[in-house]
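Working through the structure, step by step
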Amino acid sequence: MLDHGAAPPATDPSASPSPGPGLGARLMRRKPVDQLVAEGGQGEGGALRRSLSMWQLTMISIGATLGTGIFVVLGEATPLAGPAVAVSFVLAGLTALFSALSYAELAGAVPVSGSSYSYSYATMGELVAWICGWCLILEYGVSVAAVAVGWGEYLNELLDGTIGVTIPASVSAPLGEGGLINLPALVVVLLAMVFLMGGAKESARINTVMVVVKIATLLLFCAIGFLGIKAGNYTPLAPLGITGISAAAATLFFSYIGFDAASTAGEEAKNPKRDLPRAIMLSLLIVTVLYCLVALVAVGAMPWQDFEGTEAALARIMQDVTGHSFWSVVLAAGAVVAIASVVFAVLYGQTRILFAMSRDGLVPKVFARVNPRTGAPRANTVIVSLFCGALAAFIPLGELANATSIGTLFAFALVNVAVVILRRTRPDMPRTFRVALFPVTPVLGFLFCAWMMVSLPGVTWAVFGGWMAAGLVFYFLYGHRRSRLHPAEK
């Protein structure tokens, strides 16, 4: 019989409190999927608004993808692969396809704004999620700058063809490429910032118009460029062998960055579980077909050796084929719109990833602050835009493109791993899309990403290593201590 009047047992003052979880356990702490979904859209002082349809999500992904790879980076990849650059596009697209399938499954199961960062948080723990998020900052933030650099090339083509003037090199090229600052690149980033501050619905409308314009421009190029094809330009098909093809594919993978942009809109989609997987797959299909078609026409109309050092190759081909500057001016105008839409859509994706990371406490709260009138993270947009604009103004395109590719490949590799883990840990979770031939497909996606990473030059690995080291320092000094999962374990 219990004695309710008895005193409680004495506590041994020499006993130490129960130790909390060790460092390893804290680094591996996972954020439950249900919690990720429940917090969707919630920010500091407001919430994101669900206003995007499947069509608008598809246009966001196409807008973030279709542009610089074919308008600008084609001039860097063709000298590596020769006429087989179309094969390089296929290889890069195949790598993207495997990862796109994994993205589609996770986007349907975990429809949140953090993209692969959030998927990693739910499956592999906080440290891996942070590394993935840090890679996404490199992928999205730096690619905005790289795309903006190429925009200035076509702006000069347009100005030269219409009013006969060009922007002086001193203010249209970065340090190391004959100039002091790339002012056009800075301007296009700031213009995108202004439009994005109006909110997701308004931004999606502007993006859709720009995407339609650039698809029409590329189809026009194919129609005119086809008239200038010479069979001799396709031989030898692969002058630098398989090594050249794979090196070009690694560079061209930059061209596919953005198909996952729809997954960053998970908290602003009307029906994310249904529409996100469809938008991701449809956008990748449209982009791949257009890339390969344009590449085949381009190398058929101009000898592959002439692409060296030409960042406005398509406009040059149009002028050479027709003998008139009018069509090259039309293409340059379309390219100005096309590349601006990439800046616009990718900048959108970057802000939403930082929004998710901020909500989790891993980066400062300012990135999760939402304007209650527009439903947009305005402070986040301004900060990211100024950072990307500064990179665009002072850093050469080549290094930006390669650095972006390696960060993207790393993040994509983690998405393929996340699919496998989530299938094992949550097999009964509702999924509106399932990866075919599981687990072969995600394993191939991981291996293809690893192969592309190995194909990148040593200097790119050095830059990536420095970036990751800086990220880990930031995480342990700030994010690890301020994580929203941290207080729950005290």
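Nothing here was measured: the structure is a model prediction, and the numbers come from that model. Sequence order as written defines the numbering, with residues in each chain counted from 1. Where totals are concerned, whole chains, interfaces and linings use all residues; where local detail is concerned, this predicted model gives features only for residues with pLDDT of at least 70, and gives and counts side-chain atom pairs only at 80 or more. Values reported for side chains reflect all heavy atoms of the structure, with hydrogen atoms and water molecules removed beforehand.

1. Some details on the overall build of the protein
Formally: Labels follow the DSSP assignment, with helices taken as runs of H or I lasting at least four residues and strands as runs of E lasting at least two, numbered in each case from the N terminus. The reference for a compact globule is 2.2 Å times residues^0.38; the radius of gyration itself is calculated from the C-alpha atoms. Relative accessibility decides the category of a residue: with a 1.4 Å probe and only protein chains considered, values under 20% of the type maximum give buried, values over 50% give exposed, and everything between is partly exposed. We call two residues contacting when some pair of their heavy atoms lies within 4.5 Å. Per-residue and other accessible areas follow the Shrake-Rupley method at a 1.4 Å probe size, with only the shown protein chains counted as cover for residues. Asp and Glu are treated as the negative residues and Lys and Arg as the positive ones, with His and the ends of the chain left uncounted. By convention, the charge on Lys lies at NZ, on Arg at CZ, on Asp at CG and on Glu at CD.
The helix and strand tally for the protein stands at 17 helices and 0 strands. Relative to the globule expectation of 23 Å for 490 residues, the C-alpha radius of gyration of the protein, 24 Å, shows essentially globular dimensions. Over its C-alpha atoms, taken along the principal directions, the protein stretches across nearly 105 × 45 × 40 Å. Here the protein, with 490 residues, has 58% of them falling under the buried criterion. The contacts of the protein with a sequence gap of at least 6 include a subset with a gap of at least 24, amounting to 84%. Of the roughly 18700 Å² of accessible surface on the protein, 68% is carried by carbon and sulfur atoms. One finds the centroid of the 30 positive side-chain charges in the protein at a distance of 10 Å from the centroid of its 26 negative side-chain charges.

2. Points about the state of the cysteines
Put simply, the rule is: In this description, the term disulfide denotes a pair of cysteine sulfurs within 2.5 Å.
Using the criterion set out here, one finds 0 disulfides in the structure. Of all cysteine sulfurs in the structure, the one in Cys292 sits closest to Cys222, which takes part in no disulfide; the separation is 11 Å. Given the relative accessible area of 9%, Cys222 is considered buried.

3. Considering a negative patch on the surface
Under the convention used in this document: Here the term patch refers to residues with relative accessible area over 30% and no salt bridge, with like charges joined within 9 Å and nonpolar side chains (Val, Leu, Ile, Met, Phe, Trp, Tyr) within 5 Å. Put simply, a salt bridge is a Lys or Arg side-chain nitrogen that is within 4 Å of an Asp or Glu carboxyl oxygen.
Where like charges cluster on the molecular surface, the negative patch consists of Glu153, Glu157, Asp160 and Glu177. A relative accessible area of 44% means that Asp160 is categorised as partly exposed.

4. Quick notes on the confidence of the model for the protein
Low-pLDDT portions of the prediction should not be read for the details of their coordinates. Worth spelling out the cut-off: On a scale of 0 to 100, pLDDT captures the predictor's confidence in every residue.
In this model, the protein carries a mean pLDDT of 84, and residues with pLDDT of at least 70 account for 92%. For the protein, helix α1 (residues 23-27) is the element with the lowest average pLDDT, namely 75, and helix α11 (residues 272-301) is the one with the highest, namely 92. This model gives residues 1-18 a pLDDT under 50, and the stretch forms 0 contacts once residues within four places in sequence are excluded.

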